[in-house]
Amino acid sequence: TTETKLAGLKVDNINFAHNETALADKDKQELDKVAEFMKGHPDAYAVIAGYTDNVGTRDHNEGLSRRRAEMVGGYLKEKHGIDDSRMVLFWYGPENPIVANDTPENQAKNRRVEVNVGLGKG
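The shown structure was predicted, so the numbers you read here are calculated from the model rather than taken from an experiment.

The rules behind the values
- Residues numbered from 1 in each chain as written.
- Predicted model: local features only at pLDDT ≥ 70, side-chain atom pairs only at ≥ 80, totals over all residues.
- Heavy atoms only, no water.
- Buried < 20%, exposed > 50% of the residue type's maximum accessible area, 1.4 Å probe, protein only.
- Helix = DSSP H or I, 4+ residues; strand = E, 2+ residues; numbered from the N terminus.
- Pairing = 2+ DSSP bridges.
- Contact = heavy atoms within 4.5 Å.
- Axes fitted to C-alpha atoms, helices over the stretch in contact; angles between N-to-C directions.
- Polar contact = N/O pair within 3.5 Å; in protein donor to acceptor, adjacent residues only side chain to side chain.

Novice: Go over the pairing of strand 4 (residues 44-50), please, and point to the residues and values.
Specialist: Where burial is concerned, most of strand 4 is hidden: 5 out of the 7 residues are buried. Where strand 4 meets strand 6 (residues 112-119), 7 bridges bridge the pair, whose relative direction is antiparallel. Bridged to Ala-49 within strand 6 is Glu-114. When strand 4 meets strand 5 (residues 87-91), the two strands line up parallel, connected through 5 bridges. Paired with Ile-48 across the strands is Leu-89, a residue of strand 5.

In structure tokens:
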């Protein structure tokens, strides 16, 4: 998994089944960590970026990556009360794959939401 260290918090990528937006239990646990950190750091914010593999049309994948990002943001808001103003959502469809889309395993790695937590706005 890709690890990003911002604000001292490491967040694993949230991965999805083909054409799905559902969060797995292990992904919810990862997001619970993010929420707890954000609750303890009122100036923390989350940058949430959704991606897909390269299967399907660009329009479909852009919508799917948006729904994945919104699923992650919605979980943080609904389960943990993280305000919308503390989350920035992006969606890129099949852009910026982390590995080539040449095997089912690699496609699975590209079906992801990346969450980065920063401190202090501006």
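Novice: Can you tell me about the sheet that holds strand 4, naming the residues and giving the values?
Specialist: Within the open sheet, the 4 strands sit side by side as 3-6-4-5. Their pairing is mixed. Each of the sheet's edge strands pairs with one partner strand only, and the pair in question is strand 3 (14-15) and strand 5. Helix 1 (residues 25-40) contacts strand 3, strand 4 and strand 6 of the sheet and is inclined by roughly 15 degrees relative to strand 6. Of the strands in this sheet, strand 3, strand 4, strand 5 and strand 6 are in contact with helix 2 (residues 58-80), which crosses strand 5 at around 160 degrees.

Novice: Report on the environment of Leu-119, specifying residues and quantitative values.
Specialist: If you trace the backbone, Leu-119 turns up in strand 6. On the accessibility criterion, Leu-119 (41% relative accessible area) is partly exposed. It is 28 Å that separates the C-alpha atoms of Leu-119 and Leu-64, two residues lying 55 residues apart in sequence.

Novice: Talk me through the environment of Arg-66; I want residue IDs and the actual numbers.
Specialist: Here Arg-66 lies in helix 2. For the pair Arg-66 and Thr-52, spaced 14 residues apart in sequence, the C-alpha to C-alpha distance is 9.6 Å.

Novice: Give me the lowdown on the side chain of Arg-112, citing residues and values where you can.
Specialist: Secondary-structure assignment places Arg-112 in strand 6. Here Arg-112 falls in the buried class, since its relative accessible area comes to 1%. Within the structure, Arg-112 has its side chain in polar contact with the side chain of Glu-114 (distance 2.9 Å). Excluding anything up to four places from it in sequence, Arg-112 contacts Asn-13, Ile-14, Asn-15, Phe-16, Ala-49, Gly-50, Tyr-51, Asn-96, Pro-97 and Ile-98.

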